[in-house]
Amino acid sequence: MSKYEAVIGLEVHVQVKTGSKMFCSCPNSYGEGPNTMVCPVCMGYPGVMPVANKEAIRRTIIAGLMCSCEIPKYSKFDRKSYFYPDMPKNYQISQYDLPFCLKGKIHISGKGFSGNELPNKDIGITRIHLEEDVAKSTHFPGASGIDFNRAGVPLMEIVSEPEMKSADEAYAYLTSLKQIMQYAGISDCDMEKGQMRCDVNISIMPCGADTFGTKVELKNLNSFRAVHRSIEYEISRQEDAVENGIKICQETRGWNDDQGETYLMRSKENAHDYRYFPEPDLMPIEFTNEDIEKFGKEIPELPEAKRERFVAKFGLTPYDAHVLTLEKSYADYFEEGIKHTNTPKLLANWIISELLRELAASNTSINECGISPKNLGAMIELINNDTISGKIAKTVFSEMFTSGKAPEEIVEEKGLVQVTDESAIESFVEQAIRENQTQVEQYKSGNNPKVLQFFVGQVMKLSKGKANPQTVVKLLQKNLGSI
Amino acid sequence: MITPDALKKLDLASASELLEKREISSVGLCEAYLARTNEVDGNVKAFLNIDRENILSQAAESDKRRLEGKELSPYDGIPIAIKDCISVSGQPCTCASKILENFKSPYDSTVVKRLKEKGLVIFGRTNMDEFAMGSSCENSAYMKTANPWDLSRVPGGSSGGSAASVAASEVPVSLGSDTGGSIRQPAAFCGVTGLKPTYGRVSRYGLVAFASSLDQIGPIGHSVLDTAAILDIIGGHDPLDSTSLPEESGTFADAVRKSSGGNLKGVKIGIPKEYFNIDAIEPGVKAVMEESVNILQALGAETIEISLPHTEYAIAVYYIIATAEASANLARFDGIRYGVRPSDASDLNSLYFKMRGHGFGKEVKRRIILGTYVLSSGYYDAYYLRGQKVRTLIRNDFMNAFQKCDIIFAPATPSAAFKFGEKSDPLQMYLADIFTIAVNLAGTCAISLPAGIDKATSMPVGMQFIAPPLGEHKMLSVSKIFEENRGIKAFIPSL
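Residues numbered from 1 in each chain as written. Chains lettered and ligands numbered in written order. Predicted model: local features only at pLDDT ≥ 70, side-chain atom pairs only at ≥ 80, totals over all residues. Heavy atoms only, no water.

**Things to note about the overall build of chain B**
The secondary structure content of chain B amounts to 18 helices and eleven strands. Here the C-alpha radius of gyration of chain B, 21 Å, is about what a compact globule of 495 residues would show, namely 23 Å. Along the three orthogonal principal directions, the C-alpha set of chain B runs to about 65 × 55 × 45 Å. Of all 495 residues assigned to chain B, the portion counted as buried reaches 64%. Expressed as a percentage of contacts within chain B between residues at least 6 apart in sequence, the contacts between residues at least 24 apart total 76%. Within the structure as shown, chain B displays about 17,100 Å² of accessible surface, and the carbon and sulfur contribution to it stands at 52%. (Helix = DSSP H or I, 4+ residues; strand = E, 2+ residues; numbered from the N terminus. Rg over C-alpha atoms; globule rule 2.2 N^0.38 Å. Buried < 20%, exposed > 50% of the residue type's maximum accessible area, 1.4 Å probe, protein only. Contact = heavy atoms within 4.5 Å. Areas by Shrake-Rupley, 256 points an atom, 1.4 Å probe, with all protein chains shown as cover.)

The structure is reproduced here in structure tokens:
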């Protein structure tokens, strides 16, 4: 047990999914040719003026409400000044003292990333504000390139309270936050595309102390795993420093993912004075109680509520519900599928054990999956009404996955309909008994269940897997018993 | 063909009449103005850029429209000069600064778009104080515009080129911008009429920002009617400017025409006592103001003394708020995306230092530094925040005054146009805007009209009417009646 405890707060930037940019009508899209999604406004040309994107504001408010935030009735935009080539105006339109959302929280619980149980607790959210993203710089030997396609994309900054104590808690907070954003369609939170970015504020103090140590800010964290690793590294670096009598300095450190180390980027002496002041080109934003109520009605069901509903209404295990709500797309798939089958539990099993495995193996998303939820539901009904056996279903499933065909079509084409006719099965049973006299003797001598299993296998083989297993067992017991 | 003498008497309304009666073509009109410009602009230096071919092709288009009976407005084919801080697609927009040398704007400002939609011919870019910072045009990085009434004197600023071009009859009308008096003060110095609309009345989209919460585009012309007609065209809500007001435009010229021949019975005109207790006000100006008050009274107006108690803080507050906003507005000029990048910059900081160090003039740098300072952490509360509070007090002064009167009467400037180099101390220069600055802080509208001649200098003297926010109709009507009854009917320099 360490003598120190860590104090961790996160600043998470999330790009808001909108049709156009925050202050102009350029498309908000990723992956286009450099500097093709630009106009005089997002390039900061002389004389241009910003017009705030109402949809981005709406989504920010909904994000805030989903994190249990208060929505102040009066908000405004401010200018944040600093010089850098990725910022077209050399000031960023952001929000300083009157952000859209205040005082929220996110709940974490369950198993942490490193396998330990997490404390069941809320992490406070200080504020969520809306701003414009900056351009993307790329550095080449002897030159730098700037792509302004990203400049002006709506960007939420979600600031947590310093209430996390471990890398696991930070990881769980981020996972929850991402889930919420995806659930409400606020952002896809694809870190590889820069849609979600995270900075960490971290300090340590002796266990039980009530004053925080000097905080260090960590930047350049490109994945949740990098956040986790950098926090673990930084906690031990700070502990070593303090143990050796070295003072922790307030500074900004980067994360080198290959080396697995943090490194000094800039010290506090070089900190910016952002000279915030109210943006004179935009009017303050006022909401009425009715506006806020209206936003409230647009909040989708949160993962936690969805899990509870899946367990209560469909009889799923908490584990099933957990897996199916990891991504909203999984839950949507499940809910679409149960319109076509009467056994939700069986559908959940097939999604969790077969579908997600196949998707992962073929690196496809559930939305691009060849098997529609309707077809998977229909396949499960084929099992339920004894048209196919569970074993045949696996064949049908993989055919569906590659061809996208309906299960009925595959069963028909390949002649996979289960044989339930007793007289047909009985002839296979008789053949199996006839050809395996040694095993018949063994069965008679000890009624060994393994021997019965052997005969079931033989009959299934003879029927090319199409015989109904229950009927096979029944007839084998009858025929073997009567010998 | 129009004679040079007739051209000097021409204004927007009369040019429109000639075009409507087919007594002149747009090409003929523009050629006459180009010839006039050719003749006098070597001395006046009102224009930074004139694209003769482009002007004549716009004029030819207009003539074609008229021939087909498809003219876009009564003003189709009439040239208008544009201050060099207002974007016209494909044209230079230097703001009279080296930092934007060779820069061409890729888009039309909303005002220019609206002028084009009514068929007006965009005629040249007028000189100004660099980034609209100054009161004499001496801060232009390119040249010093002279006052057409006396070439040894300044035309005022920052819209000095716009005022001088109209006064010298190089164009019938022009657009300027007014942040602290930049339309009204040069209009007064040059003997023309300058209108500063209510903040939000005219879209700022495409106006290179100096101080966003104070800037407003407005017209300069020979008459009240002309400025009203241009406001009709450029005013009205613009979705591209979030600070633009919803009020429609289009009935100002009608209001002016209707008031013609009328009197001022029942109009209460407030005279702020603080404005006449200022030491800087010169006797020649005072005399013209007294004469003007007599005219107003003779027209039946009731004049009452009012108080604007926070007048003495206006200049200080202005130089906090305007410079703060300017420090951010001018940050974009970094040589990264446009402008001529210095070739010898070795790294990012040296690029910034070289680009901005060489590109900006002295006054611009002074204001950027001042604005950066008042926003800095530790000083924000004492300067910017306090400045905003005092701004509210100044606005309240006006609102309280308008409880007692309909219109406020004031001088436009404390003196007539001064000589080049006369105000070398920046603080002295700042005082030239003492009667105009508070109007921008209050966000209301005002107009500056030529009222008489200063005996000592033989230069024109301007007076102002100030009205409540969105009070342009009344203000323009009162102005029209004053204009018809002032001692000198037409102010035309002998140039």
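**Quick word on the pattern of salt bridges**
Residues and elements named next belong to chain A. Taken as a whole, this structure holds 52 salt bridges over all chains when the rule is applied. With its nearest N and O atoms 3.3 Å apart, the salt bridge here joins Arg79 to Asp281. Taken together, the residues span a long stretch of sequence, with Arg79 in strand 3 (residues 78-81) and Asp281 in the loop between strand 14 (277-278) and strand 15 (285-286) at a distance of 202 residues. This pair shows no difference in class: Arg79 is buried, exactly as Asp281 is. One salt bridge connects Glu234 with Arg237, and the closest N-O pair in it is separated by 2.6 Å. Here Glu234 and its partner Arg237 are both found in helix 3 (residues 224-243), three residues apart, which amounts to about one turn of the helix. As far as burial versus exposure is concerned, Glu234 and Arg237 are alike and both buried. In this structure, a network of salt bridges that share partners links the residues Glu55, Arg58, Arg59 and Glu298. (Salt bridge = Lys/Arg side-chain N within 4 Å of Asp/Glu carboxyl O.)

**Concerning the interface of chain B and chain A**
As a measure of interface size, the accessible area lost when the parts come together is often cited. Taken together, the 38 residues of chain B in the interface contact 31 residues of chain A. The three residues of chain B that bury the most area against chain A are B:Ser242, B:Arg332 and B:Arg337, which together make up 23% of that side's buried surface. Linking chain B with chain A are one salt bridge, by the criterion used here. In this structure, the salt-bridge partner of B:Arg204 is A:Asp281, at a minimum N-O distance of 3.1 Å. Linking chain B to chain A there are 18 residue pairs in polar contact (both at pLDDT 80 or more). Looking at the side of chain B that touches chain A, the elements with two or more residues in it are helix 12 (314-329), helix 13 (348-359) and helix 14 (362-375) of chain B. (Buried area = accessible area lost by both parts, 1.4 Å probe. Polar contact = N/O pair within 3.5 Å; in protein donor to acceptor, adjacent residues only side chain to side chain.)

**Some words on the sheet that holds strand 4 (residues 173-178) of chain B**
All names here are of chain B. One open sheet accounts for eleven strands, arranged 1-3-2-4-6-5-10-11-9-7-8; its pairing is mixed. Each edge of the sheet is formed by a strand with only one pairing partner; in this case those strands are strand 1 (47-49) and strand 8 (302-306). The sheet shows a mean angle of 35° between the axes of neighbouring strands, direction not considered. Sheet topology note: the strand 2 (residues 79-83)/strand 3 (residues 121-126) ladder contains four bridges and is parallel. Bridge pairing links Lys83 to Thr126 in strand 3. Taken strand by strand, helix 18 (residues 472-485) contacts strand 5 (193-196), strand 9 (407-411), strand 10 (445-454) and strand 11 (459-467), and its axis lies near 15° from that of strand 10. (Pairing = 2+ DSSP bridges. Axes fitted to C-alpha atoms, helices over the stretch in contact; angles between N-to-C directions.)

**Let's talk about a negative patch on the surface**
Residues and elements named next belong to chain A. A contiguous patch of negative charge, built from Asp122, Glu163, Glu304 and Glu308, is present on the exposed surface. Take Asp122: it is sitting in strand 6 (residues 121-132). Classification of Asp122 as partly exposed rests on a relative accessible area of 37%. (Patch = residues over 30% accessible without salt bridge, like charges linked within 9 Å, V, L, I, M, F, W, Y side chains within 5 Å. Lys, Arg positive; Asp, Glu negative; His and termini not counted. Charge placed at Lys NZ, Arg CZ, Asp CG, Glu CD.)

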